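Structure at a glance
The chain contents come next:
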Amino acid sequence: MFIGELSRRTGVSTRSLRYYEQQGLLRPQRRASGYREFDESDVAAVRRVRILLAAGLNTDLIREVLPCMADEGAVLAPTCEEMAQDLKAERERLGRSIEQLQAAHTMLGSIIHAGEAITARGGRNG
C-alpha cells in the first residue's frame, strides 16, 4: 500500500508518517519511481508508535524500544529486559516532570488567588 492508504488505515497524517520514516520508526520499501510502499506490518508499527508517543516517549527512545514491543491486546508489553528498565527510567522522569508541573500549577493558583483578592478590594497596581 502507498502512504495515503497507510494514512487512511491508521488515522495518521502522511506528514507524520514521513516524519516517522525520517526518525527510523518506519522502513518502507521504495519502488523505482521513489514511491514508498508499506505492508500490513507497518499498520501495526504505526499503532505501536502512537501508543508509545501517547505514553510520553520521544522518538529516539521509541526507535530503541520498538523492536522489543509485543501487542498485548490494547496495550504494549516489553519483551526485552533492558528495554523494560529503560521504560521504568522514563516513567520516573515523567513522574518528576509531573511533580514539577503540579508545583507550578499550585503556585500559579496562589498568584491568581492573590490577584483576585486585590481586585476584590478595589486596589490595582499598574
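Here we summarise the structure given alongside this text. Predicted model only: the values in this text are computed from it and were never measured.

**Observations regarding the pattern of salt bridges**
Within the structure shown, the criterion is met by 9 salt bridges. With its nearest N and O atoms 2.6 Å apart, the salt bridge here joins Glu40 to Arg9. On the criterion of sequence distance, the pair formed by Glu40 in helix H3 (residues 40–54) and Arg9 in helix H1 (residues 3–10) is long-range, its members being 31 residues apart. Residue classification places Arg9 among the partly exposed residues on the basis of a relative accessible area of 36%. With its nearest N and O atoms 2.4 Å apart, the salt bridge here joins Glu21 to Arg36. With a gap of 15 residues between them, Glu21 in helix H2 (residues 14–22) and Arg36 in strand E2 (residues 36–37) connect regions that are remote in the sequence. Via salt bridges that share partners, Glu21, Arg30 and Arg36 belong to a single interconnected network.

**Details of the environment of Ala114**
Topologically, Ala114 is positioned in helix H5 (residues 81–121). As for Ala114 and Gln23, which are separated by 91 residues in sequence, their C-alpha atoms are 46 Å apart.

**Observations concerning the environment of Leu101**
Along the polypeptide, Leu101 turns up in helix H5. Residue Leu101 is classed as exposed on the basis of its relative accessible area, which comes to 60%. Taking C-alpha positions, Leu101 is 24 Å from Arg50, a pair spaced 51 residues apart along the chain.

What counts, and where the lines are drawn
Residues numbered from 1 in each chain as written. Predicted model: local features only at pLDDT ≥ 70, side-chain atom pairs only at ≥ 80, totals over all residues. Heavy atoms only, no water. Salt bridge = Lys/Arg side-chain N within 4 Å of Asp/Glu carboxyl O. Helix = DSSP H or I, 4+ residues; strand = E, 2+ residues; numbered from the N terminus. Buried < 20%, exposed > 50% of the residue type's maximum accessible area, 1.4 Å probe, protein only.

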